[in-house]
Amino acid sequence: MGDQRAAFRFALRFAAIAAIGFALYCFPYAESGPAASWFGAYLSAYARVAGSMVAWFEPAVTVAGRSIVGRSSIEIVKNCDAMEVLILFGAAVLALGAPIRHSWVALVSGVTTLIALNLARICSLYFVALHWPRAFETIHLEVWPPILVIVATGLFFVCARWLSKVTPERPLAAA
Amino acid sequence: MLPRDNQALRFFGLFALFFVVYNIPAPGLGRTVSTVASLLGETALSAFTSSDGLALHLGTAAEVRGHDPSSPDEAWTVVLDARNPEGGGQTRVNINLRRTFYLPIAVFLALALASPIWSRGRGLVVLLSGLGLLLLQGALWVLVPTIALFYEGGILDLAGWAQGALRFAYALIAPPGVVYALPLLTWAVLVWATRPLESDPLPTNLAGGAATA
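It is worth spelling out the overall build of chain B at this point. A tally of regular secondary structure across chain B gives 7 helices and 3 strands. Counting helices and strands in the order they occur from the N terminus, chain B gives α-α-β-α-β-β-α-α-α-α. Each of the 213 residues in chain B was classed as buried or not, and the buried ones make up 25%. Restricting to contacts in chain B with at least 6 residues of sequence separation, those with at least 24 account for 66%.

This is the structure:
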């Protein structure tokens, strides 16, 4: 019964945290309000980081606002940041109910790994658009998304195992 | 509750195998799916079509737009044409059945078939419930952009709050990862909800002592 209650608590916490994350991210903010400006600045920063990574392989590339422009060009829009995967991963780690200092380490490590993978995804898409434009849609929508979801799921299990090892005195909700 | 390494590896190997099999290009599959869907859809839509009101027509992409070899998912696409003679609004909605139905169902089937749930009807319950839920999710993937395009095309009018709700729903379903995350969550919830309870008796073929094997 204890295991079942713990799993139920995990499911409830996960649903609640994910709901808050998605509500904040997907809320239909006014198009000219502060939230829209913040998202614009955030996506431009994302484009600059991804553009600087693309520039390792193609130095002539430039970043204009949210667009990475070179021999090919791609634009970073709201869904390009893999936020859905980050929200689900973050909600799952926080829902484990580990002490906050340990959860924080797991969360930051996992999120950093996922952001790095997403930046690699954006860079690869730039070169796919350049060299194999017909494959762009498939690689964008059918190859990279499952990779991100599988890696996030794997990271969650790694974090859950680590958290159950470092907090043996306090059984985790889903471990 | 965390799986042991060998269990996890076996599960992941099976999942990957099934998922790859479902994604091997099958000539004719997309066209068959889109043809059947357009026939069923057209029959259902005839209820909403009248001589003086909203006119809706559903057909395969090749049928409606003509064959376009540069369109990567043409075989999987159905096209909904809508025309409102009263307001003069007209719009065309491309519905990609591969991304709205086939891929989520393929992910779910691969997860379900790879799971150790195939005893005492549990697997069947998970499979059928999951397919039902994914069909509902797929319907949402079709409905939300369709309503948005109908609104933009002047086919229907929406109140301010409904526009906000539509933008919110669209933002929720638009990320490409959701196509894969939703079947994963659906599978996880169903496998958990149908787990054997501690009080359940062992299946008769395991009760003789092989339960720990």
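Turning to the packing of helix H5 (residues 136-166) of chain A against helix H7 (residues 178-193) of chain B, a few remarks are in order. Where H5 of chain A meets H7 of chain B, the axes come as close as 8 Å, and the angle between the chain directions of the two elements is 45°. The orientation of H5 of chain A relative to H7 of chain B falls into the category oblique. Two secondary-structure elements touch here, H5 of chain A through Pro 145, Pro 146, Val 149 and Thr 153 of chain A and H7 of chain B through Val 179, Tyr 180, Ala 181 and Leu 184 of chain B. Residue composition of the contact of H5 of chain A with H7 of chain B, grouped by class: 7 nonpolar, 1 polar and no charged.

Now for the sheet that holds strand E2 (residues 77-84) of chain B. Strand pairing in a sheet takes place through backbone hydrogen bonds and is either antiparallel or parallel in direction. Residue and element names in this part refer to chain B. Overall, antiparallel pairing links the 3 strands, which are arranged E1-E2-E3 in an open sheet. In the strand order of this sheet, the two ends are held by strand E1 (55-60) and strand E3 (89-96), each with one partner. For this sheet the average axis-to-axis angle between neighbouring strands, irrespective of direction, equals 15°. Looking at chain direction, E2 and E3 are connected through 8 bridges and run antiparallel. Directly across from Arg 83, in E3, lies its bridge partner Gln 90. Helix H4 (residues 97-114) contacts E2 and E3 of the sheet and is inclined by roughly 30° relative to E3. Along the sheet face, helix H5 (residues 122-152) touches E2 and E3 and points at about 160° away from the line of E3.

Quick look at the interface of chain B and chain A now. Every contact between the two is made by 20 residues of chain B and, on the other side, 26 residues of chain A. At the level of secondary structure, the elements contributing two or more residues to the side of chain B that touches chain A comprise H4, helix H6 (160-173) and H7 of chain B. Broken down by element, the side of chain B that touches chain A gets its largest block of residues, 6 residues, from H7 of chain B. In terms of residue class, the side of chain B that touches chain A is built from 16 nonpolar, 2 polar and 2 charged.

Turning our eyes to something else, we now look at unusual backbone geometry. The phi dihedral of Ala 82 of chain A is positive, around 55°, even though this residue is not glycine. Even without being a glycine, Arg 120 of chain B presents a positive backbone phi close to 55°. Mapped onto the secondary structure, Arg 120 of chain B falls in the loop between H4 and H5.

What counts and how
- Residues numbered from 1 in each chain as written.
- Chains lettered and ligands numbered in written order.
- Predicted model: local features only at pLDDT ≥ 70, side-chain atom pairs only at ≥ 80, totals over all residues.
- Helix = DSSP H or I, 4+ residues; strand = E, 2+ residues; numbered from the N terminus.
- Buried ≥ 20, exposed ≤ 12 C-beta atoms within 10 Å, placed from the backbone.
- Contact = placed C-beta atoms within 7 Å.
- Axes fitted to C-alpha atoms, helices over the stretch in contact; angles between N-to-C directions.
- Parallel < 35°, antiparallel > 145°, perpendicular 65-115°, else oblique.
- Nonpolar A, V, L, I, M, F, W, Y, C, P; charged D, E, K, R; others polar.
- Pairing = 2+ DSSP bridges.

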